[in-house]
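# Descriptive structure summary
For reference, the chains in residue letters:
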Amino acid sequence: MKFKWITSEIKTVAGILNGSEAFTGPLSVQIDLTNKCNNNCIGCWCNSPLLGDKEMDSKTKKKELPFELIKKLIDELDEMCVREIYLTGGGEPFMHPKIMEIIGYIKSKGMGCDMSTNFTLINKERAEKLVDLGVDHMNISMWAGTPESYIRTHPTKIDKDFYKMRDMLIYIANLKDKKGKKKPLINIYNVISNLNYNEIKDIINFAFLVKADSVDFTMMDPVEGRTEKLLLNEKQRRELIREVSKVREYVNKKNAEFGIELKINSLEQFLRRVSNKESKKGIYDSNIVDTIPCYAGWTFARVMANGDILSCLKSHLMTVGNIHKQRFKKAWHSKKQKLFREKSRCKKSDPYFSKINCYKSCDNLGTNLSIHGKIQSLPAFSKFLLKNSAFILKPKGKRL
């Protein structure tokens, strides 16, 4: 890890302990390159065929960040010691006409480049470029382990699309072996609903087949009055809990059989979410979000395809700025962002969070838990020093 990133993480913790200030940029920034998408995943908040009049409107779907503005943003984030950029959002990143140039520019800065993709637009030429550029990590949105399940969860797709993705994933795995490279790390990402809850082993077997590095499960996050029909009933929820409880043993057995190491990401978090009795209503994190503070205001930011800057993944109704109108850094140190940090110490029942609904699901929870663990493990004297380092860390003219 670069020295500047280690220093930045220390400054991040100092800011958290101090209060509402940030003495460095976020650790990670998500950039929604475009809202354009060639898929209509059944549980999608933007393009599901179940959404009806709640589907993303045609004007918003056309929103896309200009290449030159993206470059300026990346330059600024690099100056602020951001160590990772995550490309995803309301649309498919590979729908952006300059996607490969954007990835190349991120990597030229020495920053980490992660992304989520439906993977349907990857061909051999792009696959080779992704390996050569050294993309760090790719979340492949599959939601299925068989063509039948893939079609159920992606209504406009056919089995040919599933097999194309399978073959291209194998191609990338073989390409990495041939070139002696480990990146991009491939994670098979799966949103679980009543359409695929009984196919956990099929999904894992698919991950082994395509030589993925890891597999990930998350519960379907419903849109009220539209996609709630995809939620599990009580019987299905109990069946899923039983199946997931056996998953690690099953994967360990397969790893030993094939002599590889497929990882299961956030399995405990997934099991906790589905074990929440309110999960039948699409409420997954009510049993944990108030047990720790939220650190997203120091560690994360999201830039949407229309330029809006968000403090956390789901605060799109509480923007803190827009990169078409101001520099990212100005929004990062704005009064709105400071208020978000101050409120982060409150219980999420505070009216301030009503537009986010943290109890339903917190997509920043994994990072919050990681940062909380690091802070809790610090000796008391180290916490004291970091908490009182604001005078040194504050830029001139802004010291307390």
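Here, the structure is the one placed above.
Residues numbered from 1 in each chain as written. Predicted model: local features only at pLDDT ≥ 70, side-chain atom pairs only at ≥ 80, totals over all residues. Heavy atoms only, no water.

## Some thoughts on the packing of helix α4 (residues 99-108) against helix α5 (residues 124-133)
When two helices pack together, their arrangement is given by the angle between the helix axes and by the axis-to-axis distance. Across the interface, α4 lies against α5 with an axial gap of 10 Å and an inter-helix angle of 10 degrees. By the angle class used here, α4 and α5 are roughly parallel. On the side of α4, the interface is formed by I99, M100, I103, G104 and K107, while α5 contributes R126, K129, L130 and L133. For the contact of α4 with α5, the class distribution of residues is 5 nonpolar, 1 polar and 3 charged. (Axes fitted to C-alpha atoms, helices over the stretch in contact; angles between N-to-C directions. Helix = DSSP H or I, 4+ residues; strand = E, 2+ residues; numbered from the N terminus. Parallel < 35°, antiparallel > 145°, perpendicular 65-115°, else oblique. Contact = heavy atoms within 4.5 Å. Nonpolar A, V, L, I, M, F, W, Y, C, P; charged D, E, K, R; others polar.)

## Some points on the pattern of salt bridges
Per the counting criterion, the structure on display carries 29 salt bridges. Ionic pairing is found between D53 and R226, a salt bridge with its closest N-O pair at 2.4 Å. A residue pair is termed long-range when its members are at least 10 positions apart, and D53 in the loop between β1 (28-32) and α2 (58-61) and R226 in the loop between β6 (214-219) and α9 (234-245) qualify at 173 residues. Judged by relative accessible area, D53 falls into the exposed class, the value being 66%. Among the ionic pairs, R237 bridges to E234, the shortest N-O distance being 3.0 Å. Note that R237 and E234 are positioned in helix α9 at a spacing of 3 residues, about one turn of the helix. Given a relative accessible area of 4%, R237 falls into the buried group. (Salt bridge = Lys/Arg side-chain N within 4 Å of Asp/Glu carboxyl O. Buried < 20%, exposed > 50% of the residue type's maximum accessible area, 1.4 Å probe, protein only.)

## Regarding empty space enclosed by the protein
According to the stated counting rule, one finds 1 cavity of 30 Å³ or more in the structure shown. Space inside the largest cavity adds up to approximately 170 Å³. Together, 19 residues line the largest cavity, and C294, C358, C362, N364 and N368 are the ones closest to its centre. Taken together, the residues of the lining of the largest cavity break down into 13 nonpolar, 3 polar and 3 charged. (1 Å grid on protein atoms, 1.4 Å probe; cavity = no way out; pocket = protein on both sides within 12 Å on 5 of 7 lines; lining within 4 Å. Points joined across faces, edges and corners; volume = space filled by probe spheres on them.)

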